[in-house]
Amino acid sequence: FISNYRFFLRFCLSDDDSLPLLKNNLQWRKGPGSAICEAAEAAIAKSSQDGKWNNGPVRDAAPYASIVNKYITEKNCLTTSTNKGDLVYCIRAGK
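Remember, it's a predicted structure, so these values are computed and weren't measured experimentally.

Novice: So what's going on with the environment of Arg59? Which residues, and what values?
Specialist: Relative to the assigned elements, Arg59 resides in helix α4 (residues 56-61). Residue class for Arg59 comes out partly exposed when judged on its relative accessible area of 24%. With near-sequence residues (within four places) excluded, Arg59 lies in contact with Ala65, Asn69, Ile72 and Tyr89.

Okay, here's the thing in structure tokens:
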């Protein structure tokens, strides 16, 4: 179901009593959030299928992409990554 060890690691390293949070998260992923999680997994797989990251499939699969994407263009958005490899969008407000 969830094969990414980092998903579980964040709960293991938490200072809080994270077992209830983990159970709640897993329940959401199996229930009401299953469609979102499945769509995200498919978009990530499609974005990395060529061995190199292509942000298009993830961007197009995002919630409300048909509304938001027309405002996120090369003129007002810079895509970069953190030193840990996380994707970061820097969006300039206005024109």
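Novice: Can you tell me about the packing of aromatic side chains, naming the residues and giving the values?
Specialist: The description of two aromatic rings rests on the distance between their centres and on the angle between their planes. Counted according to the given criterion, the structure contains two aromatic pairs. Measuring from centroid to centroid gives 4.9 Å for Phe7 and Phe8, while their planes differ by 90°, and the two rings are edge-to-face. With relative accessibility at 31%, the residue Phe8 sits in the partly exposed group. Arranged with centres 5.5 Å apart and planes meeting at 65°, the rings of Phe7 and Phe11 form a pair that is edge-to-face. Pair noted here: Phe7 and Phe11 are both in helix α1 (residues 5-12), with a separation of four residues, about one helical turn. We classify Phe7 as buried; its relative accessible area is 8%. Relative accessible area serves as the criterion here: at 10%, Phe11 is assigned to the buried category. Pairwise contacts between aromatic rings join Phe7, Phe8 and Phe11 into one cluster.

Definitions and cut-offs
Residues numbered from 1 in each chain as written. Predicted model: local features only at pLDDT ≥ 70, side-chain atom pairs only at ≥ 80, totals over all residues. Heavy atoms only, no water. Helix = DSSP H or I, 4+ residues; strand = E, 2+ residues; numbered from the N terminus. Buried < 20%, exposed > 50% of the residue type's maximum accessible area, 1.4 Å probe, protein only. Contact = heavy atoms within 4.5 Å. Phe/Tyr/Trp six-rings, centres within 6.5 Å; stacked < 30°, edge-to-face > 60°.

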